[in-house]
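Per-entry structural report
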Amino acid sequence: MIHSIVFILITTAILRFSWKRYAQVYQAIKLGKPNWPEGSALVRFKNMLLFALGQRKMFTKPVSGIFHFFIYTAFLLTQVEFLEIFTDGLFGKHRLFANKIGFLYPLAINTIEILSLLALIATAVFLIRRNILKISRFHKPELKGWPFADANIILLGEIILVISIFMMNGADQYLQQLKPESYHPTGSFFLSASTTMPLISGLSADWIIFTERFFWWTHYLVVLGFIAYLPYSKHLHIFLAFPSSYYADLNPRGEIQNIPYIQNEVKGMLGLENDPSMEAPNNFGAQDVNELSQQILLQAFSCTECGRCTAVCPANITGKKLSPRKIVMDIRDRAEEVVQTKAFKKSEDGTTIEITDGLSLFDKISKEELYACTTCNACVEACPVLINPLKPILELRRYDILMNSGGPSEWLPMFNSLENNQAVWAMSENRTNWIKIE
Ligand code: SF4
Ligand code: SF4
């Protein structure tokens, strides 16, 4: 009884604490404009299954793809064991599922143990890759400090989880032989029986019970710790990759969305049918997170910080300041900053949001970064969770050019040509005459 009360109190306290933070993330995404991309729900659902659940793009790098798959599958399947721990804790029982599902129980636990061992190997490989081999995409300026520590914290947490599973199962099996009246038979768990069970076999019954309980609680508290920690971490993508890939753009990658008002104006200039009554919007592009779409903000919170986008970015490769990963991380940081400092207010009807701290995304992202982008879409192609880092870059650039008359001075002749000749080259409008058949 006391065990159940303590269990419920601890669980409620941690979930309550976590809830506040998840609510903040939700609020941060809601800062954006609700213009979600259109397209078939079926194709979106397929994308979600392929890219979020199926991890399809991870396998473009087979070695890291396989190790990532081990961790991911272990994460999914160990939830069965977690569910049992949770139910046992709630009702003050021990291995409640064992009696209910019969021969499936040892099958499930043995599968979990095998996957946990593979996940442990993968975790060690990832730690070595980051900290000893120092793979270059994990050592860019934007990954210094907290983002670098974040990845290591989760990997170390993963190791504690796996060790606690093996210790708990090993102790339990020993207790099944020692005290069958309290620890009912569950069938053999081969890996823990051959690794951790012999380790504790010299201990007294009391110490083995203590070991089982200690690692039972360790496992449970580490999982709860993960739940509380995720919204502070890049690992929030474990959840958000699903809605983010569902709402990914369905239009072809190279296609850049026009600004409807300007498109209408250009049509008029070219003598095509347009809508003369169309009113100009208050501003073009985006200066801050409230002018980006909720889709872009959701994507920013789904970023795994893997750096695959930066690794293929021609601007970054040739030594320019631009890193698409940094742009995405800056957007997330800015949205968090606005929500945490409550530096925003909603219009009375709740449709528009104004940011009140006098800062903007331009305080985090320099124009040098924005104008280094070649709009090649390589970052979009590389992203394993279908994030489009180019989209916010274009929005910020549009704001700078159309609202601030900014942009590199070298681009001015191009703008003049566009205005005078409707072409980026200084050529007259009859430049296409050569294709006419006489
Ligand atoms: S679109 Fe821009 S940010 Fe993305 S890879 Fe190309 S140059 Fe880099
Ligand atoms: S935007 Fe995509 S590719 Fe780039 S770091 Fe984030 S998850 Fe990785």
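So, here's what we can say about the structure. (Residues numbered from 1 in each chain as written. Chains lettered and ligands numbered in written order. Predicted model: local features only at pLDDT ≥ 70, side-chain atom pairs only at ≥ 80, totals over all residues. Heavy atoms only, no water.)

Take the overall build of the protein next. Counting secondary structure elements, the protein contains 19 helices and 2 strands. C-alpha atoms of the protein, sized along the principal axes, occupy 95 × 50 × 40 Å. By residue count, 46% of the 438 residues in the protein fall in the buried class. Long-range contacts, defined here as pairs at least 24 residues apart, represent 74% of the contacts in the protein between residues at least 6 apart. In the protein, which carries 41 positive and 39 negative side-chain charges, the distance between the mean positions of the two groups comes to 5 Å. (Helix = DSSP H or I, 4+ residues; strand = E, 2+ residues; numbered from the N terminus. Buried < 20%, exposed > 50% of the residue type's maximum accessible area, 1.4 Å probe, protein only. Contact = heavy atoms within 4.5 Å. Lys, Arg positive; Asp, Glu negative; His and termini not counted. Charge placed at Lys NZ, Arg CZ, Asp CG, Glu CD.)

Turning next to the environment of Pro147. Residue placement: Pro147 occurs in helix α6 (residues 146-178). Separated by 182 residues in the primary sequence, Pro147 and Met329 place their C-alpha atoms 9.6 Å from one another.

Here we come to the packing of aromatic side chains. A full pass over the atoms with the stated rule returns 21 aromatic pairs. Here Trp207 and Phe210 contribute two aromatic rings whose centre-to-centre distance is 5.4 Å and whose plane-to-plane angle is 85°, an arrangement assigned as edge-to-face. Residue Trp207 and its partner Phe210 are located together in helix α9 (residues 205-229), separated by 3 residues, close to a single helical turn. The exposed category is assigned to Trp207, whose relative accessible area is 51%. Through a chain of ring-to-ring contacts, three or more aromatic side chains come together here, namely Phe7, Phe82, Phe86, Trp216, Trp217 and Tyr220. One residue, Arg21, lies across the ring of Tyr232, its end atom 4.3 Å from the ring centre. Here Arg213 stacks its cationic end above the ring of Trp216, 4.6 Å away from the centre of that ring. (Phe/Tyr/Trp six-rings, centres within 6.5 Å; stacked < 30°, edge-to-face > 60°. Lys NZ or Arg CZ within 6 Å of the ring centre and 35° of its normal.)

Here we take up a nonpolar patch on the surface. A cluster of nonpolar side chains, contributed by Phe45, Leu49, Leu53, Phe75, Leu76, Leu77 and Val80, occupies part of the molecular surface with about 550 Å² of accessible area. At the level of elements, α2 (41-53) and α3 (62-91) are the ones that each hand at least two residues to the nonpolar patch. Examining the composition of the nonpolar patch, we find that 4 residues originate from one element, α3, more than from any other. Within the secondary structure layout, Leu53 lies in helix α2. The class for Leu53 is partly exposed, based on a relative accessible area of 40%. (Patch = residues over 30% accessible without salt bridge, like charges linked within 9 Å, V, L, I, M, F, W, Y side chains within 5 Å. Areas by Shrake-Rupley, 256 points an atom, 1.4 Å probe, with all protein chains shown as cover. Salt bridge = Lys/Arg side-chain N within 4 Å of Asp/Glu carboxyl O.)

Attention shifts here to the packing of helix α12 (residues 294-302) against helix α15 (residues 324-340). What describes two packed helices is the angle between their axes and the distance between those same axes. For the pair α12 and α15, the least separation of the axes is 8 Å and the interaxial angle reads 105°. As summarised for this structure, α12 and α15 are arranged roughly perpendicular, according to the angle between their axes. Residue-level contacts link Ile296, Leu297, Gln299, Ala300 and Phe301 of α12 to Val328, Ile331, Arg332, Ala335 and Glu336 of α15. (Axes fitted to C-alpha atoms, helices over the stretch in contact; angles between N-to-C directions. Parallel < 35°, antiparallel > 145°, perpendicular 65-115°, else oblique.)

Taken together, the neighbourhood of ligand 2 is formed by Cys303, Thr304, Glu305, Cys306, Gly307, Arg308, Cys309, Arg325, Cys383, Pro384, Val385 and Ile387. By residue class, the composition of the shell around ligand 2 is 7 nonpolar, 2 polar and 3 charged. (Near = heavy atom within 4 Å. Nonpolar A, V, L, I, M, F, W, Y, C, P; charged D, E, K, R; others polar.)

Among the 13 residues in the neighbourhood of ligand 1, the closest are listed as Cys313, Cys373, Cys376, Asn377 and Cys379. Contributions of two or more residues to the shell around ligand 1 are made by α17 (378-382) and α18 (390-404).

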